[in-house]
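Read off the chains here:
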Amino acid sequence: MERAIVLGATVIAFGLLLGLSALGAGIGDGLVSSRTVEGTARQPELQGRLFTLMVIGIGFIEALPIIGLGLGLFLIFANPLLSQITGK
Amino acid sequence: MISLSRLQVEVNHPTINIAGLDFNTDTIRNTLVVCALLLVLGAVLRSQLKVGVPSQLQNATEAIVEYIGNLTEETLAGRNIALGPLAITLFTFLLIANWLGLVPGLKSPTNDWNTTLGLALMSFVLVQYYSVRKRHLGGYVKHLLLVPPYFPLTVIDELAKPITLSFRLYFNIFVGELLLTLIIMLIPTWISWLPGAAWTLFSLFIGAVQAFIFTVLTVSYVAIATGVEEEHG
């Protein structure tokens, strides 16, 4: 019974973690790229520098859901809460 | 329904114990592979160096060297610090290291937190060194105690830099390789090549971007630490 509760809670936590982090990162990515497009439309000669800045920004933003995914996969595959219950 | 027991993914590194310390043998081997690749690349490039019509390899390398070198110089403008060679070395090492994991049978040395934390600690020491060199020891302590109640926050801020720097790179590469394994395990074989190929292409992009970000951040941290802030006294 406890095992089932922990497993279910873990999966729900994984879903929340992944969905919310993807939501936030999606909004962030959209903001960054839309502003880059705006800037490029206004000053096309700056396209190279703006693109570099955009890639750096997206790299920062994308790191967060990937860190979340990493911690989530850790919860799924090496569940520390489950091993508390089974006492291993 | 998929049973969890079938999904055992091997994420632990094989270790050997020398003098009470655990060494991850695969990480060490892969790091040496990356170093050997870079050395061979450098030797080949050196032997084929041409002034007239350069080879494609020489062109690509020159582009990387020039781009990273110029970026470093621009970031550190007017500071009398030469980080160009370090930045180029970091970038090429991380680029090859991140891409090595996409070769079947090999793993990225950066999918181990020890590697990225080591590199991040190097960057941390570098930042503190240049900070002390710029302000001298008294000025450095004064800079930490700029607003005395915020001293713990300043220390946490400094300590969080290497942690986030290493986590960002480590998790990107680690999860990239893990997901590639999961795609192959979870999706039927006849179609798994399609998401596999897509994810591999994305991993190429991620690997390059993360190597670039690590390099740029290391240089920027030095630039921030040695910035002109005379108005604070």
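## A short note on the overall build of chain B
Looking only at helices and strands, chain B has 6 helices and 2 strands in total. Mapped from its N terminus to its C terminus, chain B presents α and β elements in the order β-β-α-α-α-α-α-α. Along the three orthogonal principal directions, the C-alpha set of chain B runs to about 65 × 55 × 40 Å. Looking at chain B residue by residue over its 233 residues, the buried ones come to 26%. Sequence-distant contacts, at least 24 apart, represent 66% of the contacts inside chain B between residues at least 6 apart.

## Looking at the overall build of chain A
Helix and strand counts for chain A stand at 3 helices and 0 strands. When its helices and strands are written in sequence order, chain A yields α-α-α. Relative to a compact globule of 88 residues, whose C-alpha radius of gyration would be 12 Å, chain A shows 19 Å and is clearly more extended. Its C-alpha atoms put chain A at 65 × 20 × 10 Å along the principal axes. The buried share of chain A, reckoned over its 88 residues, is 10%. Sequence separation of 24 or more characterises 79% of the internal contacts of chain A that already satisfy a separation of 6 or more.

## Quick notes on the interface of chain B and chain A
With 13 residues of chain B at the interface, the matching set in chain A holds 10 residues. Secondary structure elements with two or more residues in the side of chain B that touches chain A: α5 (151-186) and α6 (189-225) of chain B. Per-element accounting of the side of chain B that touches chain A gives the leading share, 7 residues, to α5(B). Taken together, the residues of the side of chain B that touches chain A break down into 10 nonpolar, 2 polar and 1 charged.

## Looking at the confidence of the model for chain A
Do not read the predicted coordinates in detail wherever pLDDT is low. The predicted model of chain A has a mean per-residue pLDDT of 87, with 98% of residues at 70 or higher. Ranking the elements of chain A by mean pLDDT puts helix α3 (residues 80-86) of chain A last, at 76, and helix α1 (residues 2-42) of chain A first, at 91.

## Remarks on helix α3 (residues 84-100) of chain B
All names here are of chain B. Taking 1.5 Å as the rise per residue, α3 with 17 residues should run 24 Å; its terminal C-alpha atoms sit 24 Å apart, in good agreement. Among all positions of α3, only Ala87, Leu90, Phe91, Thr92, Phe93, Leu94, Ala97, Asn98 and Leu100 are buried. The inward-facing, buried residues of α3 abut α1 (25-47), α2 (56-75), α5 and α6.

## A few points about the confidence of the model for chain B
Residue and element names in this part refer to chain B. Across chain B, the average pLDDT comes to 84, with 93% of residues at or above 70. Here strand β1 (residues 15-18) stands out as the least confident element of chain B, with mean pLDDT 79; α3 is the most confident, with 92. Segment residues 1-5 is flagged for pLDDT under 50; beyond a separation of four residues in sequence, or across chains, it makes 1 contact in the model. Confidence estimates for the predicted assembly give a pTM of 0.82 and an ipTM of 0.71.

## Examining the nonpolar core
In terms of nonpolar packing, the biggest core is built from 38 residues, with Phe91(B), Leu94(B), Val175(B), Phe214(B) and Val222(B) touching the most fellow members. Contributions of two or more residues to this core are made by α2 (47-77) of chain A together with α3, α4 (113-144), α5 and α6 of chain B. The element best represented in this core is α6(B), accounting for 10 residues. Residues in contact with Val222(B), not counting those within four places in the same chain, are Leu76(B), Ile81(B), Leu83(B), Leu126(B), Val127(B) and Tyr130(B).

## Quick notes on the pairing of strand β2 (residues 21-24) of chain B
Within a regular strand, side chains alternate between the sheet's two faces. Residues and elements named next belong to chain B. Where β1 and β2 come together, 4 bridges link them in antiparallel fashion. Paired with Ile18 across the two strands is Leu21, which belongs to β2. Taken together, β1 and the strand that follows it, β2, pair antiparallel across an intervening segment of 2 residues, in which Ala19 is found at a positive phi of about 55°.

## Quick notes on unusual backbone geometry
Although it is not a glycine, His136(B) adopts a positive phi angle of roughly 65°. A count of 10 C-beta atoms within 10 Å places His136(B) in the exposed class.

## A closer look at α1(B)
Spanning 23 residues, α1(B) covers 33 Å between terminal C-alpha atoms, matching the ideal 33 Å at 1.5 Å per step. Among the residues of α1(B), Thr27(B), Asn30(B), Thr31(B) and Val34(B) are the ones counted as buried.

Rules used throughout
Residues numbered from 1 in each chain as written. Chains lettered and ligands numbered in written order. Predicted model: local features only at pLDDT ≥ 70, side-chain atom pairs only at ≥ 80, totals over all residues. Helix = DSSP H or I, 4+ residues; strand = E, 2+ residues; numbered from the N terminus. Buried ≥ 20, exposed ≤ 12 C-beta atoms within 10 Å, placed from the backbone. Contact = placed C-beta atoms within 7 Å. Rg over C-alpha atoms; globule rule 2.2 N^0.38 Å. Nonpolar A, V, L, I, M, F, W, Y, C, P; charged D, E, K, R; others polar. pLDDT = per-residue confidence, 0-100. Expected span 1.5 Å × (residues − 1). Core = buried A, V, L, I, M, F, W, Y, C linked by C-beta atoms within 7 Å. Pairing = 2+ DSSP bridges.

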